[in-house]
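Listed here are the chains, written in short residue letters.
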Amino acid sequence: MQVSIACTEQNLRSRSSEDRLCGPRPGPGGGNGGPARAALVPRPPAPAGALRESTGRRTGMKYRNLGKSGLRVSCLGLGTWVTFGSQISDKTAEDVLTVAYEHGVNLFDTAEVYAAGKAERTLGNILKSKGWRRSSYVITTKIFWGGQAETERGLSRKHIIEEIVRAMTYVINQGLALYWGTSRWGAVEIMEAYSVARQFNLIPPVCEQAEHHLFQREKGEMQLPELYHKIGVGSVTWSPLACGLITSKYDGRVPDTCRATIKATSEWLKDKVQSEGGRKQPQAKVTDLLPMAHQLGCTVAQLAIAWCLRSEGVSSVLLGVSSAAQLLEHLGALQVLSQLTPQTVMEIDGLLGNKPPSKK
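Predicted model, so just to flag it, every value in this text is computed and none were measured.

Reading the values: the criteria
- Residues numbered from 1 in each chain as written.
- Predicted model: local features only at pLDDT ≥ 70, side-chain atom pairs only at ≥ 80, totals over all residues.
- Heavy atoms only, no water.
- Helix = DSSP H or I, 4+ residues; strand = E, 2+ residues; numbered from the N terminus.
- Contact = heavy atoms within 4.5 Å.
- Areas by Shrake-Rupley, 256 points an atom, 1.4 Å probe, with all protein chains shown as cover.
- Core = buried A, V, L, I, M, F, W, Y, C linked by side-chain atoms within 4.5 Å.
- Buried < 20%, exposed > 50% of the residue type's maximum accessible area, 1.4 Å probe, protein only.
- Expected span 1.5 Å × (residues − 1).
- Pairing = 2+ DSSP bridges.
- Axes fitted to C-alpha atoms, helices over the stretch in contact; angles between N-to-C directions.
- Arc of directions from axis to C-beta.
- Parallel < 35°, antiparallel > 145°, perpendicular 65-115°, else oblique.
- Left-handed = near helix turned anticlockwise from the far one by under 90°.
- Nonpolar A, V, L, I, M, F, W, Y, C, P; charged D, E, K, R; others polar.

Q: So what's going on with the overall build of the protein? Which residues, and what values?
A: Along the backbone of the protein there are 14 helices and 11 strands. Contacts in the protein between residues far apart in sequence, at least 24 positions, make up 75% of those at least 6 positions apart. Put simply, the protein shows about 16800 Å² of open surface, and 51% of that area lies on carbon and sulfur atoms.

Okay, here's the thing in structure tokens:
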């Protein structure tokens, strides 16, 4: 089970964004300093109904609440999976991060397992060198909860979830983070975590990170909107281009230079691309979407990202890019979003033929 932690303020202690990402800093006398207790930041009243959206006057970036919390995040975030500390150089990573920040992106996502920890360190080192106001951006990172040790195998799912909720409440009460969420959890598990938090007066999760794109729709359209309306859990979605499948990057094969050849992702992505469905369904559907993209004056990638942004309850869509030029193209999805009328969405559903059935 993966747990996402959102760190947002300068007063983070111990394993704060800078300490955790850049490594420990010696304090006075060579120590690391004491873990001073920090008060929780007051949360504004949760907005009712749909996600409230505002637009940055200078950049045109749109901002939404993270679930029904008071934290405002850019509707497009920058992910570091596969790229930072692995696929791209540190110089390219800095260029990408700079372009993202200058265009209003304030959500940067990483995880302790990305590139065996190198992604976190690369992100942290760049942020440290830039000197941007710590309150001007949000960092989310993920830890993996569970394993194959003897002490872990005997725990029930309920016990593990209760342990996680208690641990995350402790992390927030210590000022190490201000919010926490889940990653790749099922709707039932998220509801259990919320129930545990309410039962024991603990802090519930505010968001779920989930894969969501044109060919992965059920969870993002059937389960997560219901969680948003019932308990205020928002969605931070990833892989809007299905790791490149939607851009026609893979034509039934896996080139040596593509993301699918990287060790961390190769097996499952190769299976997806080289399977019968992987070769035929996405490529045929992407071809069908080309005329619509041309009519809207955008690329298929921009259309796919904009389509993810209009999904109900989505707080932010994480982009994974290998260059600043690619990031700029993907940011162009913001201009496409306003063109996705209900009629256009219906046409896309008709072309895809995979819209999840509505609950009766």
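Q: Explain the nonpolar core to me, and be specific about the residues and the numbers.
A: Most often, soluble globular proteins keep nonpolar side chains buried together rather than apart. Core analysis: the biggest nonpolar cluster contains 59 residues, and Leu76, Leu78, Phe108, Leu214, Ile246, Leu303 and Ile348 have the highest contact counts within it. The dominant element in this core, judged by the number of residues it contributes, is helix H11 (residues 300-309), at nine residues. Setting aside its immediate chain neighbours within four residues, Leu303 contacts Leu289, Met292, Ala293, Leu296, Cys298, Val336, Leu340 and Ile348. Core analysis: the second largest hydrophobic core is formed by 25 residues, Ile143, Val196, Ile203 and Val233 among them.

Q: Describe in detail the side chain of Thr110, supporting the description with residues and values.
A: For Thr110, the location among the structural elements is in the loop between strand S6 (107-109) and helix H4 (118-130). Owing to a relative accessible area of 0%, Thr110 belongs among the buried residues under this scheme.

Q: So what about helix H6 (residues 157-173)? Which residues, and what values?
A: Taking 1.5 Å of rise per residue, the 17 residues of H6 would be expected to cover 24 Å, and the 24 Å separating its terminal C-alpha atoms lies within 8% of that figure. Count one or two residues on from H6 and you reach Gly175, which has phi positive near 80°.

Q: I'd like a description of the sheet that holds strand S3 (residues 62-65), backed by residues and values.
A: Pairing within the open sheet is antiparallel, and its three strands lie in the order S2-S3-S4. Strands with a single pairing partner mark the edges of an open sheet, and in this sheet they are strand S2 (53-55) and strand S4 (72-74). Mean inter-strand twist for the sheet, computed between neighbouring axes without regard to direction, equals 35°. Bridge count for S3 against S4 is three bridges, and the pairing is antiparallel. Counterpart to Asn65 in the pairing with S4 is Arg72.

Q: Give a detailed account of helix H7 (residues 187-199), specifying residues and quantitative values.
A: Its 13 residues place the ends of H7 18 Å apart at the C-alpha level, agreeing with the 18 Å of an ideal helix rising 1.5 Å per residue. Residues of H7 that are buried: Glu189, Ile190, Ala193, Tyr194, Val196 and Ala197. Take H7 and look down its axis: the buried residues cluster within an arc of 160°, on one side only. Turned more than 90 degrees off the buried face of H7, the exposed positions are Val188 and Gln199.

Q: An account of unusual backbone geometry is needed here, citing residue identities and associated values.
A: One non-glycine residue with positive phi stands out, namely Val82, at about 75°. Relative to the helices and strands, Val82 is located in the loop between strand S5 (76-79) and helix H2 (83-87). A relative accessible area of 6% places Val82 in the buried class. A positive phi is found at Ser239, a non-glycine position, where the angle reads about 60°. Mapped onto the secondary structure, Ser239 falls in the loop between strand S10 (234-238) and helix H9 (266-274).

Q: Requested: an account of the environment of Gln283, with residues and values cited.
A: Topologically, Gln283 is positioned in helix H10 (residues 276-296). Along the backbone, Gln283 and Thr247 are 36 residues apart, and their C-alpha atoms lie at a distance of 8.7 Å.

Q: Please give an account of the environment of Glu226 that cites residues and values.
A: Inspection of the secondary structure assignment puts Glu226 in helix H8 (residues 218-231). Taking the C-alpha atoms as reference, Glu226 lies 8.7 Å from Gly313; in sequence the two are 87 residues apart.

Q: How would you sum up the packing of helix H3 (residues 90-102) against H4? Please name residues and give values.
A: Their axes nearest at 10 Å, the elements H3 and H4 cross at an angle of 60°. In terms of orientation, H3 and H4 fall into the oblique class. For the element pair H3 and H4, the recorded crossing hand is right-handed. Contacts between H3 and H4 involve Asp90, Ala93, Glu94, Leu97 and Thr98 on the former and, on the latter, Thr122, Leu123, Ile126, Leu127 and Lys130. Residue classes in the contact of H3 with H4 are distributed as five nonpolar, two polar and three charged.

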